[in-house]
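As a plain string of letters, each chain reads:
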Amino acid sequence: MNLLKTDSAEKQQRLLGAARQIIDQADFPGWISSTIHGGQDRFGTLNFIQWRSAEDLAAWYAGEIFKHHDMALFLELLTFARLLQAEAELSQCRPGLGDVAEISADRDDYTVVEVLDVAPESQSALIAAVGAAHEWLVEIPGYRSQSVLRGVRARGPEGDNALKEVGAENSFVVVYSQWDGKEAYDAFRASPAAQWSPARRATEIKRNALTISSDWNSYRVEHSGSAA
């Protein structure tokens, strides 16, 4: 997941346009698919990319196109970049909405992506705590799906378009959720703790105790492409 932040609607549109062009022309060894998201509550983009292996991704990062074209363009527009490598651990859809979470520009999901930083020794416990929400999320109006991913590595830009590993002292967990709309998600976040079920209260206490820091934004899926 390439998480990019910027500071204006115009720059976000330029990021989306550049990403769309890259996706439409993609023919990289090991690349499976890319789905670009446009920020809603804050300016920025998220590219959800699937690769055959970590080795294929590393080869792409080391290639001339990425280092001297893609990164040069993105660095001109960005205020922040975090390139996240993660593996899917848990996923749930609300009953009646299918068996697997689907990410598509043809859908109208209000998508929320949270990145939770956690101590390496607590990463599995945080995944379990977030996953426990599947017990009660199905009762929340407007909830559609939640997927939990285990962070493997995070990188950021540095200097002459090189990549450096960032936050090596901590691990992270990514929570990718889909909702009917902003109103439903805002109502969920704003609900008073006194109204929470015991199961939700236990989840929130455990999650907050394990999370070192968090970052989130809402998105709309804009465009997808996949290998033949």
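One can find the structure itself at the top, above this paragraph.
This structure is a prediction, so every number in the text was calculated from the model and none was measured.

(A) Layout of the pattern of salt bridges. What the rule picks out here adds up to 15 salt bridges. The closest approach of N and O atoms between Lys-182 and Asp-186, which form a salt bridge, is 3.0 Å. Of this pair, Lys-182 and Asp-186 both sit in helix α5 (residues 182–190), separated by four residues, roughly a single helical turn. Using a relative accessible area of 35% as the deciding quantity, one classes Lys-182 as partly exposed.

(B) The nonpolar core, seen in detail. In this structure, Leu-4, Phe-28, Trp-60 and Phe-74 are the most contacted members of the largest nonpolar core, which totals 17 residues. Of all elements in the fold, only α1 (9–25), α2 (54–62), α3 (64–77) and β4 (80–93) reach the threshold of two or more residues within this core. When near neighbours in sequence (up to four residues on either side) are disregarded, Leu-4 contacts Leu-15, Gly-44, Thr-45, Phe-74, Leu-78, Phe-80, Ala-81 and Leu-83.

(C) Here's a closer look at the pairing of strand β8 (residues 171–179). Summarising burial for β8: nine of the nine residues are buried, a large majority. Residue alternation in β8 divides its side chains into two sets, Ser-171, Val-173, Val-175, Ser-177 and Trp-179 and Phe-172, Val-174, Tyr-176 and Gln-178, and both sets are buried. Pairing of strand β5 (residues 110–118) with β8, which is carried by nine bridges, proceeds in the antiparallel orientation. Opposite Thr-111, over in β8, you have Gln-178 as the bridge partner.

Rules used throughout
Residues numbered from 1 in each chain as written. Predicted model: local features only at pLDDT ≥ 70, side-chain atom pairs only at ≥ 80, totals over all residues. Heavy atoms only, no water. Salt bridge = Lys/Arg side-chain N within 4 Å of Asp/Glu carboxyl O. Helix = DSSP H or I, 4+ residues; strand = E, 2+ residues; numbered from the N terminus. Buried < 20%, exposed > 50% of the residue type's maximum accessible area, 1.4 Å probe, protein only. Core = buried A, V, L, I, M, F, W, Y, C linked by side-chain atoms within 4.5 Å. Contact = heavy atoms within 4.5 Å. Pairing = 2+ DSSP bridges.

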